[in-house]
Amino acid sequence: MARGNRKIVPESRQVLQQWKYEIAAEFGLPVGYGAAGAGADTEFAGELGAIGSGQSSAGGWGLLTSRENGSVGGEITKRLIAHAERNFIL
């Protein structure tokens, strides 16, 4: 049985997309609209997130290896956990 990728907080979709492109830029991965993210740094990651929809016609995420895509997802998970730990109050 397949799991859905339904967001518990739908408003978080935009922030997660931006994080995805920021992390990819930090890792030096060529993603974005027409692989515009190639060689970009985190200074322009916000623009990459706004331009790239995750489904660029020139490949984008589909040209990356599973390991590269997984490293971006893993980093998002680490940052979400760190954020939750910082804001956790008993």
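Structure report, in brief. Predicted model, so just to flag it, every value in this text is computed and none were measured.

1. So, the overall build of the protein
If you tally the helices and strands in the protein, you get three helices and zero strands. Taken from N to C terminus, the helices and strands of the protein fall in the order α-α-α. Scored against the burial criterion, the 90 residues of the protein give a buried share of 22%. Within the protein, residue pairs in contact and separated by at least 24 positions form 55% of the contacts whose partners lie at least 6 positions apart. Element-wise, carbon and sulfur atoms account for 56% of the exposed surface of the protein, whose accessible area totals about 6,600 Å².

2. A word on the nonpolar core
Across soluble globular proteins, nonpolar side chains have a tendency to be buried as a group. By size, the foremost hydrophobic cluster in this structure holds nine residues: Tyr21, Ile23, Ala24, Leu29, Val31, Trp61, Leu64, Val72 and Ile76. Elements with a minimum of two residues in this core: α1 (13-27) and α3 (66-86). The element that contributes the greatest number of residues to this core is α1, accounting for three residues. Discounting chain neighbours no more than four positions away, the residues touching Ile23 are Val72, Glu75, Ile76 and Arg79.

3. Some details on the packing of α1 against α3
One can describe the packing of α1 onto α3 by two numbers: an axis separation of 9 Å at closest approach and a directional angle of 120°. With respect to each other, α1 and α3 are oriented oblique. Crossing of α1 against α3: the hand is right-handed. Along its contact with α1, which presents Leu16, Trp19, Lys20, Ile23, Ala24, Glu26 and Phe27, the element α3 presents Ser71, Val72, Glu75, Ile76, Arg79 and Leu80. Here the contact of α1 with α3 is built from residues that sort into eight nonpolar, one polar and four charged.

4. Some points on the side chain of Glu75
Locating Glu75 in the fold gives a position in helix α3. Judged by its relative accessible area of 16%, Glu75 is buried. Sequence-distant contacts of Glu75, that is, excluding residues within four places in its chain, are made with Ile23 and Phe27.

5. Some thoughts on the environment of Glu68
Within the secondary structure, Glu68 sits in helix α3. When the C-alpha atoms of Glu68 and Leu29 are compared, they prove to be 7.9 Å apart, with 39 residues separating the residues in sequence.

6. Some details on the packing of aromatic side chains
Inspection of the entire model under this criterion finds one aromatic pair. Ring geometry for Tyr21 and Trp61: centres 5.4 Å apart, planes at 65°, overall edge-to-face. On the criterion of sequence distance, the pair formed by Tyr21 in helix α1 and Trp61 in the loop between α2 (45-51) and α3 is long-range, its members being 40 residues apart. Exposure class is identical for Tyr21 and Trp61. Each is buried.

About the thresholds
Residues numbered from 1 in each chain as written. Predicted model: local features only at pLDDT ≥ 70, side-chain atom pairs only at ≥ 80, totals over all residues. Heavy atoms only, no water. Helix = DSSP H or I, 4+ residues; strand = E, 2+ residues; numbered from the N terminus. Buried < 20%, exposed > 50% of the residue type's maximum accessible area, 1.4 Å probe, protein only. Contact = heavy atoms within 4.5 Å. Areas by Shrake-Rupley, 256 points an atom, 1.4 Å probe, with all protein chains shown as cover. Core = buried A, V, L, I, M, F, W, Y, C linked by side-chain atoms within 4.5 Å. Axes fitted to C-alpha atoms, helices over the stretch in contact; angles between N-to-C directions. Parallel < 35°, antiparallel > 145°, perpendicular 65-115°, else oblique. Left-handed = near helix turned anticlockwise from the far one by under 90°. Nonpolar A, V, L, I, M, F, W, Y, C, P; charged D, E, K, R; others polar. Phe/Tyr/Trp six-rings, centres within 6.5 Å; stacked < 30°, edge-to-face > 60°.

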